[in-house]
Every structure is written in C-alpha cells, then in structure tokens.
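This is what each chain is made of:
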Amino acid sequence: MSAQFACYAEDVAVGCALRLELEGEKGPVEVAVVRDEEGGLHAVSDICSHGAVSLSDGEVEGRTIECWLHGSRFDLATGKPLSPPAVRPVPVYPLTVDGERVLVDVDAPHGSSEEN
C-alpha cells in the first residue's frame, strides 16, 4: 500500500492529537495524527510502547506527546522515548499534506523495530 487519506488538516487543532484506525497491509493500524505546538503535523503509533494505551489521549507539548498513563514522552519526529518508563520508540509514519488532505503511509514506519 501507499499513503492513504487519514483526515483533513483542519481536523487537528494545534497541540492536539486525533486517533484514527487506518488499513495497513497486515490489517488495521492505530495511528495518532498530531499537530505540535509549532503547527507541524505528525503521524505516530497511537499505542504507547510501554503501557499499550492510546497516546492520542495524552498531552502534546512542543514537539512531543506524553502518555497519560505513566508519563512517558515521545519525540513526534523520531518516535524516541524522552522520559521513562518507556524505553522503546513508537513507530512514526510518513505523512504528507496534499491541499487540506492529510495522507499517511502506515506500511512504511520508521523509528521502531517494525522497520525493514
């Protein structure tokens, strides 16, 4: 598969995250489309690598998202954990904006063990 429509850019306010389920080659993929505090859009796994809970329910600060359950923070560009207890990154998916349409490729993650 390639990039697919995820949402419209206006659907994601600054400092917020939108939980989506997109179809990947291996089945459904839970994705958080996040607009950082600088206005940039990112697509990361919606599942925290530590607590297996929804990251889109957490706080967006700068270019990071914080898991609401245990407080791990993840870099939105790289997926790397910036604070414990998480030690594994979350997948980051390529995102492009075509006009107002946000496109995400869930079959090409980087920043995790899912890389090829």
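Scroll up to find the structure this text is about.
Below you will find a few notes about this structure. From a predicted model like this one, the values you see are computed outputs, not experimental measurements.

As for its position among the elements, P28 is in strand β3 (residues 27-35). Spatially, the C-alpha atom of P28 lies 9.3 Å from that of V106, the residues being 78 residues apart in sequence.

This part is about the nonpolar core. The biggest cluster of nonpolar side chains holds 15 residues, and the ones touching the most others in it are V31, V33, Y93, V102, V104 and V106. Broken down by secondary-structure element, the contributors of at least two residues to this core are β1 (4-8), β2 (16-24), β3, β4 (41-45) and β10 (101-104). The dominant element in this core, judged by the number of residues it contributes, is β3, at three residues. Leaving out residues up to four positions away in the same chain, V102 has contacts with Q4, F5, A6, C7, Y8, A9, V33, L41, L95 and T96. Counting residues in hydrophobic clusters, the runner-up holds 14 residues, among them V34, C67, V90 and V92.

Looking now at unusual backbone geometry. The step from P84 to P85 runs through a cis peptide bond, and the omega angle for that step is 15°. Along the chain, the position of P85 falls in the loop between β7 (73-75) and β8 (92-93). One non-glycine residue, A52, adopts positive backbone phi at about 55°. Look at A52 and you get exposed, because its relative accessible area is 58%.

Right, let's get into the pairing of β4. If a strand is regular, its side chains alternate between the two faces of the sheet. Most of β4 is tucked away: five of the five residues are buried. Once β3 ends, the chain turns through five residues before running back antiparallel as β4, passing G39 with a positive phi of about 95°. Sheet analysis places β4 next to β8, joined by two bridges and oriented antiparallel. Bridged to V44 within β8 is V92.

All right, on to the sheet that holds β7 then. Spatially, the three strands line up as an open sheet ordered β5-β6-β7, and their pairing is antiparallel. Sheet topology places β5 (59-61) and β7 at the edges, where each strand pairs with a single neighbour. Each adjacent strand pair in this sheet contributes to an overall mean axis angle of 25°, direction not counted. As defined by bridge partners, strand β6 (residues 64-66) adjoins β7 across three bridges and the pair is classed as antiparallel. In the strand pairing of β7, E66 is matched with R73.

Conventions and cut-offs
Residues numbered from 1 in each chain as written. Predicted model: local features only at pLDDT ≥ 70, side-chain atom pairs only at ≥ 80, totals over all residues. Heavy atoms only, no water. Helix = DSSP H or I, 4+ residues; strand = E, 2+ residues; numbered from the N terminus. Core = buried A, V, L, I, M, F, W, Y, C linked by side-chain atoms within 4.5 Å. Buried < 20%, exposed > 50% of the residue type's maximum accessible area, 1.4 Å probe, protein only. Contact = heavy atoms within 4.5 Å. Pairing = 2+ DSSP bridges. Axes fitted to C-alpha atoms, helices over the stretch in contact; angles between N-to-C directions.

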